[in-house]
Amino acid sequence: MEKKIEIKKTIFSGIQPSGNLNIGNYIGAISQWVKMQEKYNCIFSIVDYHAITVKQSPEELRRRIIEVVKIYLAAGIDPNKSIIFQQSAVAAHTELAWILNCYGARIADLNKMTQFKDKAGENQESVSVGLYDYPVLMAADILLYNTEIVPVGEDQKQHVELARDIAKRFNNEFGETFLIPQAVIKQEGARIMSLLDPKKKMSKSDSNQNNCIGLLDDIEVARKKIMRAVTDSGSEIEYDLEDKPALSNLLTIYAQLGTREIPRLVKDYRGKGYGDFKKDLADVVVKFLTDFQKKYNKISDDKVIKILEAGRKKVEKLASAKMEKVRQVIGVR
Ligand code: AQP
């Protein structure tokens, strides 16, 4: 009988080593990557050239690159199933970004990017050109590997849409060169909000880390952060994004890190107050972090360096083949 060869789709995603990775990054991104490893060819990057779009201390950056790999591994990314590599180790990313800057990317599109507006704030004239061009480098990351699926949190959806537009424009001009990728956003937990301001998303580079539960936070500090998290008026435990945004966010965290879904939690906490709820949520978070950190602490720097080198070798081959084609179609070869 003829053996059926199954061609797996490729997924690509990455995280910047730009701060303390938090449960938002875990719930919105890494936890869904872990589940996708069986079904897809997975490539996960530490996007360090994205991180330098805002100022980084060189020592901290070097340390965080290793830290992010350990976090991937502790979360369950298996280097025997998925490729893990450092973006700056593969020059094709910045080379393709330059070509896409010239063919495909338009100023009018970049002007619409909400993440740029959020990050630049009032200082749009004085931030780096890199911060403005960030989505084009991200498009290059994705398009280099014939990526079909990009699993990200909701904040990155607009950037994946831009990558699609860039790929389509390039293909129209030079013929089929890139696959058109698609963002996959988790239904629940795609946007974990800040603990002290539920209108703002939890961000690893937030200057007030009381807004976030870091994956490497001291356990007792994490417990206190949950106990101090803001709640809404009223006393009922309800999921209502309009009227109870803070509580809804806490319910999402509870469901994502624990074992009960939101409707079940709402039922179980009927008649109980915010105090009881937060105490139990703190226990769930503490248990999650304790297990996570136990795994994290067992991973050596040496192991990380070997994994990154093996990953680099694998993606280098794929990236060079794509770049050769791109250089040819645009006429520099
Ligand atoms: N609050 C969040 N809820 C759910 N998912 C989130 N992600 C980020 N914040 C949340 C997802 O995690 C990945 C991290 O991507 P990134 O490192 O490129 O940066 P980001 O999206 O800008 O994330 P941060 O934490 O806000 O980093 P900083 O502060 O450095 O800018 C992405 O998949 C993102 O969607």
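The rules behind each value
Residues numbered from 1 in each chain as written. Predicted model: local features only at pLDDT ≥ 70, side-chain atom pairs only at ≥ 80, totals over all residues. Heavy atoms only, no water. Helix = DSSP H or I, 4+ residues; strand = E, 2+ residues; numbered from the N terminus. Rg over C-alpha atoms; globule rule 2.2 N^0.38 Å. Buried < 20%, exposed > 50% of the residue type's maximum accessible area, 1.4 Å probe, protein only. Contact = heavy atoms within 4.5 Å. Axes fitted to C-alpha atoms, helices over the stretch in contact; angles between N-to-C directions. Parallel < 35°, antiparallel > 145°, perpendicular 65-115°, else oblique. Left-handed = near helix turned anticlockwise from the far one by under 90°. Nonpolar A, V, L, I, M, F, W, Y, C, P; charged D, E, K, R; others polar. Near = heavy atom within 4 Å. Polar contact = N/O pair within 3.5 Å; in protein donor to acceptor, adjacent residues only side chain to side chain. Areas by Shrake-Rupley, 256 points an atom, 1.4 Å probe, with all protein chains shown as cover. Core = buried A, V, L, I, M, F, W, Y, C linked by side-chain atoms within 4.5 Å. Domains from an automatic or database assignment. Salt bridge = Lys/Arg side-chain N within 4 Å of Asp/Glu carboxyl O.

(A) Broad picture of the overall build of the protein chain. Along the protein chain, the regular secondary structure elements total 13 helices and five strands. Computed over C-alpha atoms, the radius of gyration of the protein chain comes to 21 Å, within 12% of the 20 Å expected from 2.2 N^0.38 for 333 residues, which places it in the range of a compact globule. Buried positions account for 50% of the 333 residues belonging to the protein chain. Of the contacts made within the protein chain by residues no fewer than 6 positions apart, 75% connect residues no fewer than 24 positions apart.

(B) How the structure looks around the environment of K244. Turning to its location among the elements, K244 is positioned in the loop between α9 (219-228) and α10 (245-257). Beyond its immediate chain neighbours, meaning those up to four positions away, K244 contacts D232, S233, G234, S235, E236, E238 and Y274.

(C) Fine view of the packing of helix α1 (residues 23-36) against helix α3 (residues 58-75). Following both chains from N to C, one finds α1 and α3 inclined at 60°, their axes separated by 9 Å at the closest point. By the angle between their axes, α1 is oblique relative to α3. For the crossing formed where α1 meets α3, the hand is right-handed. Of α3, the residues touching α1 (which contributes Y26, I30, W33 and V34) are I71, Y72 and A75. The residue makeup of the contact of α1 with α3, split by class, is seven nonpolar, no polar and no charged.

(D) Region of interest: the site of the ligand. Taken together, 23 residues surround the ligand, and among them S18, K119, D155, K204 and S205 come closest. Contact distances for the ligand include 2.5 Å between an oxygen atom and a side-chain N or O atom of K204. Separating an oxygen atom of the ligand from a side-chain N or O atom of S205 is a distance of 2.4 Å. Taken by itself the ligand offers 630 Å² of open surface, and the protein chains cover 98% of this. In terms of residues, the shell around the ligand owes the most to one element, α1, which gives four residues. Residue composition of the shell around the ligand, by class: seven nonpolar, eleven polar and five charged.

(E) The arrangement of the nonpolar core in detail. In this structure, I23, I30, Y72, I84, L257 and F277 are the most contacted members of the largest nonpolar core, which totals 65 residues. Sorting elements by how many residues they give to this core places helix α12 (residues 274-297) first, with eleven residues. Mapped onto the domain boundaries, this core takes at least three residues apiece from domain 1 (10-185 + 300-330) and domain 2 (209-296). Ignoring sequence-local partners within four residues, the contact set of F277 consists of I237, L247, L250, L251, Y254 and Y269. Counting residues in each nonpolar core, the second largest holds 42 residues, with M113, V136, L162 and I330 among its members.

(F) Expanded view of the pattern of salt bridges. Considering all chains together, one arrives at 22 salt bridges under this definition. The partner of D155 in a salt bridge is K201, and the shortest N-O contact between them spans 2.8 Å. Residue D155 is located in the loop between β4 (149-152) and α8 (157-174), and its partner K201 is located in the loop between β5 (182-185) and α9; the two are separated by 46 residues in the primary sequence. Here D155 falls in the partly exposed class, since its relative accessible area comes to 23%. Under the relative-accessibility criterion, K201 is labelled partly exposed at 26%. Its salt-bridge partner being R260, residue D268 comes within 2.8 Å of it at the nearest N-O pair. We classify D268 as partly exposed; its relative accessible area is 23%. Here the residues in one salt-bridge network are E60, R63, R64 and E67, joined through shared partners.

Function cannot be inferred from these measures alone, as they are strictly geometric.
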